[in-house]
Amino acid sequence: HAKLEGRNGLQFFHQRLHDELVHQLDLMERLEKALDRGELSLWFQPQVSAVSGHIENFEALLRWMPAEGAPVSPAEFIPLAEQSGLIHRLGDWVVEEACRQQAAWRAAGHLDSRIDINLSGSQLARRDTLERFEACVKAHGLAPGDIGIELTENVLIDADHQILDGLRRLYHRGVRIAIDDFGTGYSSLSYLKHFPLTALKIDRTFVHDAPGQPEDRAIMEAAVFIGHRLGLEVVAEGVENDEQLTLIREMHCDLVQGYYFYRPMPAPDIERLLSGLVTGHRGVAD
Ligand code: C2E
Ligand code: MG
Ligand code: MG
Ligand code: MG
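Just so we're clear, the structure is a prediction, and the values are computed from it rather than from any experiment. (Residues numbered from 1 in each chain as written. Chains lettered and ligands numbered in written order. Predicted model: local features only at pLDDT ≥ 70, side-chain atom pairs only at ≥ 80, totals over all residues. Heavy atoms only, no water.)

Visitor: How should I be thinking about the packing of helix α5 (residues 129–139) against helix α7 (residues 161–173) in this particular structure?
Guide: Helix packing for two helices is described by the angle between their axes and how far apart those axes are. Contact geometry for α5 and α7: axes closest at 9 Å, N-to-C directions at 20°. Compared by their axis directions, α5 and α7 come out roughly parallel. Of the residues in α7, those in contact with Leu-130, Glu-131, Phe-133 and Glu-134 of α5 are Ile-163, Gly-166, Leu-167, Arg-169, Leu-170 and Arg-173. Residues of the contact of α5 with α7, tallied by class, amount to five nonpolar, one polar and four charged. (Axes fitted to C-alpha atoms, helices over the stretch in contact; angles between N-to-C directions. Helix = DSSP H or I, 4+ residues; strand = E, 2+ residues; numbered from the N terminus. Parallel < 35°, antiparallel > 145°, perpendicular 65-115°, else oblique. Contact = heavy atoms within 4.5 Å. Nonpolar A, V, L, I, M, F, W, Y, C, P; charged D, E, K, R; others polar.)

This is how it looks when you write it as structure tokens:
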């Protein structure tokens, strides 16, 4: 009887694995066409000063809204794109679109907006990714400080000296480089001394649990301390409520990103925000 149960369990497992593979293949096929079909867009989530609430920065986040079917989360399709190699086309599109958008905002008179894009490990593994990035920023008439990059810890573990040199070059030209999801990678802290960084983003799992968990608070405090001692801007990700914000302010995080302030939004919503700030909120608060 036990044997039978075991076999049924295995069959069930095979079926699940099969269904999952079919689902992933289907997504990959549709994702390949998504670019040409105009189903991809960049949304932007503001990061605000923890002290003043002023918008300081925007993180660009890729969105896929298939013509047929429900939106697919980047947490699902980015890993697939990395496996299939499609990430390079997607990544090039993100860089181009972020630069185009930033140039358009500049042309519309928004002179101090800053955008950060995400770069994954497989994107950096392609040798010319950083050169292309720089070239794109330049081609749009932007300054190096206009578009920054976010990298996860795992990217830094895999990075060789060529990637390190590339990042150093960007850094010295004034490109912002943030370490994303800090505290969640399988890494030692030693990369903090080798890599040219300007900001550290504390992962939102810590922020989420901090109000109820002294361990999470302790890790966050250590992250803020180390970040500041290294001269980095410290960003708290995923702030959703007053309690979390109060803690983050007590810890002296510099910037806050999360639903409590703003969700990721399409460009036209950001433009309304920027226009409002130019004439209203910012002027008043200053
Ligand atoms: P990430 O870079 O850590 O981006 C932050 C994620 O947290 C975003 O998820 C954002 O929508 C979400 N978030 C922001 N505030 C809150 C909050 O208060 N509560 C909660 N629960 N979530 C919040 P999203 O947009 O689904 O992106 C997921 C991940 O996909 C990103 O994580 C990033 O690793 C990757 N990704 C997104 N766009 C790109 C891209 O253009 N290129 C690459 N390589 N990766 C991207
Ligand atoms: Mg990010
Ligand atoms: Mg993050
Ligand atoms: Mg994350």
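Additional details are given in the paragraphs that follow.
Visitor: Honestly, the pairing of strand β2 (residues 55–64) in this entry has me stumped. Any pointers?
Guide: Both faces of the sheet carry side chains from a regular strand, because those side chains alternate between them. With respect to burial, β2 is a largely interior element, nine of its 10 residues being buried. Where strand β1 (residues 40–49) folds back onto β2 in an antiparallel hairpin, the turn is made up of five residues, including Gly-53, whose phi is positive at roughly 80°. Sheet topology places β2 next to strand β3 (residues 115–118); two bridges connect them, and they run parallel. In the sheet register, Phe-58 faces β3, and the bridge partner there is Ile-115. (Buried < 20%, exposed > 50% of the residue type's maximum accessible area, 1.4 Å probe, protein only. Pairing = 2+ DSSP bridges.)

Visitor: Any chance you could explain the layout of surface pockets here in plain terms?
Guide: Take a probe with the size of a water molecule and roll it over the atoms, and the empty space left behind shows itself. There is about 1300 Å³ of room inside the largest pocket. For the largest pocket, the lining is made up of 42 residues, of which Glu-59, Leu-61, Pro-74, Ala-75 and Asn-118 are closest to its centre. At the level of elements, β1, β2, α2 (74–84), α3 (87–107), β3, α4 (121–125), β4 (147–152) and β5 (177–182) are the ones that each hand at least two residues to the lining of the largest pocket. Residue composition of the lining of the largest pocket, grouped by class: 20 nonpolar, 11 polar and 11 charged. (1 Å grid on protein atoms, 1.4 Å probe; cavity = no way out; pocket = protein on both sides within 12 Å on 5 of 7 lines; lining within 4 Å. Points joined across faces, edges and corners; volume = space filled by probe spheres on them.)

Coordinates in, geometry out; function isn't part of it.
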